[in-house]
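Structural overview for review
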Amino acid sequence: MTLPKKVRHTRKTAAIAGSPLSTSSTAPTALPVRFSRLDQPQEAAERRHLDRTIHSALARLTQGLSPETLMASYADWWVHLAMAPDKQKELAEKALRKMARLALF
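All values derive from a computational prediction rather than experimental measurement.

The rules behind the values
Residues numbered from 1 in each chain as written. Predicted model: local features only at pLDDT ≥ 70, side-chain atom pairs only at ≥ 80, totals over all residues. Heavy atoms only, no water. Patch = residues over 30% accessible without salt bridge, like charges linked within 9 Å, V, L, I, M, F, W, Y side chains within 5 Å. Areas by Shrake-Rupley, 256 points an atom, 1.4 Å probe, with all protein chains shown as cover. Salt bridge = Lys/Arg side-chain N within 4 Å of Asp/Glu carboxyl O. Lys, Arg positive; Asp, Glu negative; His and termini not counted. Charge placed at Lys NZ, Arg CZ, Asp CG, Glu CD. Helix = DSSP H or I, 4+ residues; strand = E, 2+ residues; numbered from the N terminus. Buried < 20%, exposed > 50% of the residue type's maximum accessible area, 1.4 Å probe, protein only. Phe/Tyr/Trp six-rings, centres within 6.5 Å; stacked < 30°, edge-to-face > 60°. Polar contact = N/O pair within 3.5 Å; in protein donor to acceptor, adjacent residues only side chain to side chain. Expected span 1.5 Å × (residues − 1). pLDDT = per-residue confidence, 0-100.

1. Notes on a positive patch on the surface
The grouping of K94, R97, K98 and R101 at the surface amounts to a positive patch. Tracing the sequence through the fold places R97 in helix α4 (residues 85-104). A residue is classified by how much of its surface remains accessible, and R97, at 54% relative accessible area, is exposed.

So, in C-alpha cells, the structure goes:
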C-alpha cells in the first residue's frame, strides 16, 4: 500500500519540514545519540544486580506481599481507628495497663 503522492516523504518534503535529510545548504541537525544495552555491559549488570538485591530484600521484609498493598492496609486501618474514638480510648487504657504490668515486673 502506498500513500498518495502529496503525502509521501521525499527529499522535497524533507527539506520543507527541516529534516536532517533535507538538501538545503543549512548545516545538518544533530540526531540524538542512543546507547544500546550493549554499550556499557558492566554498568548495566551492576545496576541489575543492585535492583535484584533491593527487590529481594524488600520481598523478605514484606514476606512476599506488595508494599503498596501493605501501605493501603495500614492507611485503611488508621482511618478507621481515627473515626472510632471509643476504640482509641479502649486501646489507650489497654496500653496503660500493660505499661503498669511491665513496670511491676
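We are not done yet, so read on.
2. Some thoughts on the packing of aromatic side chains
Per the counting criterion, the structure on display carries 1 aromatic pair. Ring centres of W77 and W78 lie 5.1 Å apart, and the angle between their planes is 80 degrees; on these two criteria the pair is classed as edge-to-face. The class of W77 is partly exposed, set by a relative accessible area of 46%.

3. Let's talk about the side chain of T62
Structurally, the position occupied by T62 is in the loop between α2 (41-61) and α3 (67-82). A polar side-chain atom of T62 sits 2.9 Å from the main-chain carbonyl oxygen of L58.

4. Notes on a nonpolar patch on the surface
Taken together, the side chains of Y74, W77, W78 and L91 make up a nonpolar region of the molecular surface, amounting to roughly 490 Å² of accessible area. Within the secondary structure, Y74 sits in helix α3.

5. Considering α4
Taking 1.5 Å as the rise per residue, α4 with 20 residues should run 28 Å; its terminal C-alpha atoms sit 29 Å apart, in good agreement. The buried count for α4 comes to 0 of 20 residues, which makes it a mostly uncovered element.

6. With respect to the pattern of salt bridges
Within the structure shown, the criterion is met by 2 salt bridges. Here E90 makes a salt bridge to K87, at a shortest N to O gap of 3.6 Å. Of this pair, E90 and K87 both sit in helix α4, 3 residues apart, which is roughly one turn of the helix. Since its relative accessible area comes to 43%, E90 is described here as partly exposed. E93 is the partner of K89 in a salt bridge, and the nearest nitrogen-oxygen pair spans 3.7 Å. Taken as a pair, K89 and E93 lie in helix α4 at a separation of 4 residues, close to a single helical turn. You can call K89 exposed: its relative accessible area is 53%.

7. Focus: the confidence of the model for the protein chain
On average, residues of the protein chain score 78 in pLDDT, and 62% of them reach the 70 mark or higher. Looking across the protein chain, the model is least confident in helix α1 (residues 11-17), with a mean pLDDT of 50, and most confident in α4, with 96.

8. Here we look at α2
Helix length check: α2 (21 residues) gives 30 Å between terminal C-alpha atoms against 30 Å at 1.5 Å per residue, within 8%. Two residues or fewer after α2 comes Q63, characterised by a positive phi angle close to 55 degrees.

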